[in-house]
Amino acid sequence: MTARQVRVPGSLDLELAWEAVSGVLAPTPAVPSGLAPDALLKLETFQPTGSFKVRGALAAVAALPDGAPAVTASAGNHGLGMGYAAARSGADVTVVVSRRASEVKVDRIGAFPVRLVLHGDTYDEAEAHAMTLPGHYVSPYNDPAVIAGQGTIGRELDAQADGPLTVIAPVGGGGLLAGLSMWARERGGVRIVGVESAVSRGVSASVAAGRVVEVEVGETFADGLPGNLEAGCVTPEVIGADATLTAVTDAEIRTALRWLFAEHGLVAEGAGAAGVAAVLAGKVEITGRPVVVVSGRNITVPAYADALRP
């Protein structure tokens, strides 16, 4: 497949995204935690769609030319965000998901005013199909407005967390980490740590190579993390060498889900707990105040119950 030409986002994108997001969404809580000294948990689980992805979706829909239809592919949470944005704006949106996507997320996407298309058994297959459909393609991660939208988490942290920070966030396609990296460069005094699944390390491999490279992708119950990057993806370039990248196993993620429930009474999905998993496993070097982004809570009851078993 020929690589799409995607513009690298800049400071104006972050400003426009902040305008689009802050006009709709209330800031999510940043709550103290015993996870590490002086730690905060940034709870994107409190978003109306249960995930941070609604930020990028709102920014992307706001950036559409008037009347332009949008098409996207999603492991679930981006599709929910696009559905929410479509309902708020009246935009014409088509969402393609793989047949193995979380049932909870797929059912909720279908409740929004979008065309829902099930295609393929992996995210990569769903994404490739979405790119063949008519409309403006809005990638869940490789889009300047989406990246900037995710960076609005940082704008909220400006008012919630003083001093030097280490901000820890999960990494799938890298949109969240790229957005946070943009914000961190503007603010200064912020270290960014991205946490991948140990069975899918496409972003770290691409950052190290200086170009998008394909990696082997294994099985994980954290369905928001695995998958290769779109050819020509800009997220590794935006992340650059400033961020630190690490990885966690499914066992470590399950431990984090149990910890969040026991210590904070919080439900998170596998990807959403990746940052907590990395801190608990001692895989993050912290300087300044640690802020861990708990990125989402959309998980099926059986999968969650299974994860809570020791």
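Reading guide: rules and limits
- Residues numbered from 1 in each chain as written.
- Predicted model: local features only at pLDDT ≥ 70, side-chain atom pairs only at ≥ 80, totals over all residues.
- Heavy atoms only, no water.
- UniProt positions renumbered as here; feature names shortened; annotations may be inferred.
- Pairing = 2+ DSSP bridges.
- Helix = DSSP H or I, 4+ residues; strand = E, 2+ residues; numbered from the N terminus.
- Contact = heavy atoms within 4.5 Å.
- Axes fitted to C-alpha atoms, helices over the stretch in contact; angles between N-to-C directions.
- Parallel < 35°, antiparallel > 145°, perpendicular 65-115°, else oblique.
- Nonpolar A, V, L, I, M, F, W, Y, C, P; charged D, E, K, R; others polar.
- 1 Å grid on protein atoms, 1.4 Å probe; cavity = no way out; pocket = protein on both sides within 12 Å on 5 of 7 lines; lining within 4 Å.
- Points joined across faces, edges and corners; volume = space filled by probe spheres on them.

The name recorded for the protein chain in an unreviewed UniProt entry is Pyridoxal-phosphate dependent enzyme, from Actinomadura nitritigenes. What the UniProt record of the protein chain gives under Cofactor (unreviewed entry) is the line "pyridoxal 5'-phosphate".

Caption draft 1: View of the sheet that holds strand 6 (residues 136-137). Overall, parallel pairing links the four strands, which are arranged 5-4-3-6 in an open sheet. The open sheet has two edge strands with one neighbour each: strand 5 (115-118) and strand 6. With four bridges connecting them, strand 3 (residues 70-73) and strand 4 (residues 93-97) associate as parallel partners. Counted as the bridge partner of threonine 72 is valine 95 from strand 4. In this fold helix 4 (residues 103-110) packs onto strand 4 and strand 5, with an angle of close to 150 degrees to the strand it touches most, strand 5.

Caption draft 2: Spotlight on the packing of helix 7 (residues 152-160) against helix 8 (residues 175-187). Two elements in contact, helix 7 and helix 8, have axes separated by 7 Å at closest approach and are oriented at 40 degrees. When the interaxial angle is binned, helix 7 and helix 8 end up oblique. Between helix 7 and helix 8, the residues in contact are Ile153, Gly154, Arg155, Leu157 and Asp158 and Leu176, Leu180, Trp183, Glu186 and Arg187, respectively. Class assignment for the residues of the contact of helix 7 with helix 8 results in five nonpolar, one polar and four charged.

Caption draft 3: Examining the packing of helix 1 (residues 11-22) against helix 7 more closely. Closest axis-to-axis distance for the helix 1/helix 7 pair is 9 Å, and the angle between their directions is 75 degrees. Accordingly, the angle class assigned to the pair helix 1 and helix 7 is roughly perpendicular. Across the interface between the two elements, Leu14, Glu15, Ala17, Trp18 and Val21 from helix 1 touch Thr152, Arg155 and Glu156 from helix 7.

Caption draft 4: Looking closely at empty space enclosed by the protein. Per the counting criterion, the structure on display carries one cavity of 30 Å³ or more. Broken down by secondary-structure element, the contributors of at least two residues to the lining of the largest cavity are helix 3 (77-89) and helix 8. Per element, the largest residue contribution to the lining of the largest cavity is three residues, and it comes from helix 8. Taken together, the residues of the lining of the largest cavity break down into 13 nonpolar, 13 polar and four charged.

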